[in-house]
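Observations on the three-dimensional arrangement
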Amino acid sequence: MDDVWRKTIVRFRGFRLFEDWDTGLDSHAVDTFFMFDQAAIWVASLHSAAAAAIDLPTGGLTTAQWEALRALTFRMIEQLDAIRLLFLHDLPTPSMQIARSISEDVDMALAFVSRPKLAKRFVECTTIEEAQDFWRRHIAGGRAFKAVSERLYRAGLEFDQDGAYAAWRQQVKSILGTAVHTSFTDARKSGLKPVAGQFSETGDCLYFVTLRLQEMCAYSHVLNAEFGQDLAAVHNAAMPDANDCIGRLTPLISEVTVDQLRRMLAVGELEALHS
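Residues numbered from 1 in each chain as written. Predicted model: local features only at pLDDT ≥ 70, side-chain atom pairs only at ≥ 80, totals over all residues. Heavy atoms only, no water.

Considerations on the side chain of Gln-260
Here Gln-260 is to be found in helix α11 (residues 250–266). Among all residues touching Gln-260, those that are not within four sequence positions of it are Met-35, Gln-38 and Gln-214. (Helix = DSSP H or I, 4+ residues; strand = E, 2+ residues; numbered from the N terminus. Contact = heavy atoms within 4.5 Å.)

Written out as structure tokens, the structure reads:
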């Protein structure tokens, strides 16, 4: 995986090593940072896989779905590049702004995986006005999250929109919103402590983004079984740049990413996060 890291994270324009940090006996900050890198690698590999999947002769997902995912993951890579650098420089307010945007993009990506017609509408937007109208009709106000959660429930996941997770998620979005819309209220006094300290800390933003990307990876495979089949097809396809195509490794990277989510659940971190 070191080679994959060099071909993804090291190529970030704002790349910088996590070094000279005195964390004492608590390695949580370093662990979170490395888990974030792993989740970002998955997004980068998915972007490469989406580009390759578009040209496959047959596939489970439609061409529009893969085109939508390729465009969306390109935007997400830039956002992840930025939030990683903001974390290293401890700039919480812009981190919160980007974290909120990434969370919305995760919901959009999952909606594209599960709804071919929605992806088609997205790629058919050719003007700014059409793109804004698409956002208002299908994404804004939690519409994408609602549609995704309903499909996850149908797939057998107990995903209660009125439960503790949904309430926690809405609370986080409200806190992140204080960084997007300037007001007299200080987000540092919000009282939400998902891991350690206030949510306005850059480490908490990084943790939240990592969790959302891990969910994106896991839920994509649950929402559409053909998603994994297409990734396997990319892995097995003969491509001229096969030796440098990170997309070919997406199935393996997906396994690692989902396994990290399982470990977080196993050690009870998410339970503490949502309480």
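Moving on, there is more to tell.
Observations regarding the nonpolar core
Membership of the largest hydrophobic core comes to 69 residues, with the highest contact counts inside it found for Trp-66, Leu-69, Ile-102, Phe-112, Leu-213 and Phe-227. A per-element tally of this core places helix α2 (residues 28–53) first, with 13 residues. Sequence-distant contacts of Phe-112, defined by excluding residues within four places in its chain, comprise Gln-65, Ala-68, Leu-69, Leu-72, Leu-118, Ala-119, Phe-122 and Phe-134. (Core = buried A, V, L, I, M, F, W, Y, C linked by side-chain atoms within 4.5 Å. Buried < 20%, exposed > 50% of the residue type's maximum accessible area, 1.4 Å probe, protein only.)

Observations concerning helix α10 (residues 225–236)
Between the first and last C-alpha of α10 there are 17 Å, a value that for twelve residues agrees with the 16 Å anticipated at 1.5 Å per step. Sitting at the amino-terminal end of α10 is Asn-224, which places a side-chain oxygen 3.0 Å from the backbone nitrogen of Glu-226. (Expected span 1.5 Å × (residues − 1). Polar contact = N/O pair within 3.5 Å; in protein donor to acceptor, adjacent residues only side chain to side chain.)

Topic: the environment of Leu-211
Structurally, the position occupied by Leu-211 is in helix α9 (residues 202–223). Since its relative accessible area comes to 1%, Leu-211 is described here as buried. Separated by 176 residues in the primary sequence, Leu-211 and Met-35 place their C-alpha atoms 9.2 Å from one another.

Looking at the packing of helix α4 (residues 92–114) against α9
For the pair α4 and α9, interaxial distance at closest approach is 9 Å and the crossing angle is 5 degrees. Relative to α9, the element α4 is oriented roughly parallel. When α4 is examined against α9, the residues Pro-92, Ser-95, Met-96, Ala-99, Ile-102, Ser-103, Val-106, Asp-107, Ala-109, Leu-110, Val-113 and Ser-114 are found in contact with a partner set consisting of Thr-202, Cys-205, Phe-208, Val-209, Arg-212, Leu-213, Met-216, Tyr-219, Ser-220 and Leu-223. Residues belonging to the contact of α4 with α9 are distributed by class as follows: 15 nonpolar, five polar and two charged. (Axes fitted to C-alpha atoms, helices over the stretch in contact; angles between N-to-C directions. Parallel < 35°, antiparallel > 145°, perpendicular 65-115°, else oblique. Nonpolar A, V, L, I, M, F, W, Y, C, P; charged D, E, K, R; others polar.)

Considerations on the packing of aromatic side chains
In this description, a pair of aromatic rings is defined by centroid distance and the angle of the planes. Within the structure shown, the criterion is met by seven aromatic pairs. Judged by centre distance (4.8 Å) and plane angle (40 degrees), the rings of Phe-112 and Phe-122 are tilted. Linking Phe-112 in helix α4 with Phe-122 in helix α5 (residues 116–123), this pair joins segments that are ten residues apart in sequence. Taking 5.5 Å as the distance between ring centres and 55 degrees as the angle between the ring planes, the aromatic pair formed by Phe-122 and Phe-134 counts as tilted. Placement of Phe-122 in helix α5 and of Phe-134 in helix α6 (residues 128–139) is noted, with a sequence separation of twelve residues between them. By relative accessible area, which is 23% here, Phe-122 ends up partly exposed. Exposure remark for Phe-134: the relative accessible area of 5% places this residue in the buried category. Cluster of aromatic residues (ring-pair linked, three or more members): Phe-33, Phe-34 and Phe-87. (Phe/Tyr/Trp six-rings, centres within 6.5 Å; stacked < 30°, edge-to-face > 60°.)

Overview of unusual backbone geometry
Although it is not a glycine, Asp-90 adopts a positive phi angle of roughly 55 degrees. Inspection of the secondary structure puts Asp-90 in the loop between α3 (63–88) and α4.

What about the confidence of the model for the protein chain?
Of all residues in the protein chain, 73% attain a pLDDT of 70 or more, and the chain-wide mean is 79. Low pLDDT (under 50) marks residues 184–200, which in the prediction has 38 contacts with non-local residues, meaning those over four places away or in another chain. (pLDDT = per-residue confidence, 0-100.)

Section: the pattern of salt bridges
Applying the stated rule across the entire model yields eleven salt bridges. With its nearest N and O atoms 3.8 Å apart, the salt bridge here joins Arg-6 to Asp-3. One end of the pair is Arg-6 and the other is Asp-3, both in helix α1 (residues 2–7) and three residues apart, which spans about a single turn. Here Asp-3 falls in the partly exposed class, since its relative accessible area comes to 39%. Between Glu-104 and Arg-100 there is a salt bridge, and its shortest N-O distance comes to 3.7 Å. Within this pair, Glu-104 and its partner Arg-100 are both found in helix α4, separated by four residues, close to a single helical turn. Classification of Glu-104 by relative accessible area gives partly exposed; the value is 22%. (Salt bridge = Lys/Arg side-chain N within 4 Å of Asp/Glu carboxyl O.)

Structural notes on the side chain of Ser-114
Along the chain, Ser-114 turns up in helix α4. Judged by relative accessible area, Ser-114 falls into the buried class, the value being 12%. Within the local environment of Ser-114, its side chain forms a polar contact with the backbone oxygen of Ala-111, the two atoms lying 3.3 Å apart. Excluding anything up to four places from it in sequence, Ser-114 contacts Gln-65, Arg-151 and Leu-223.

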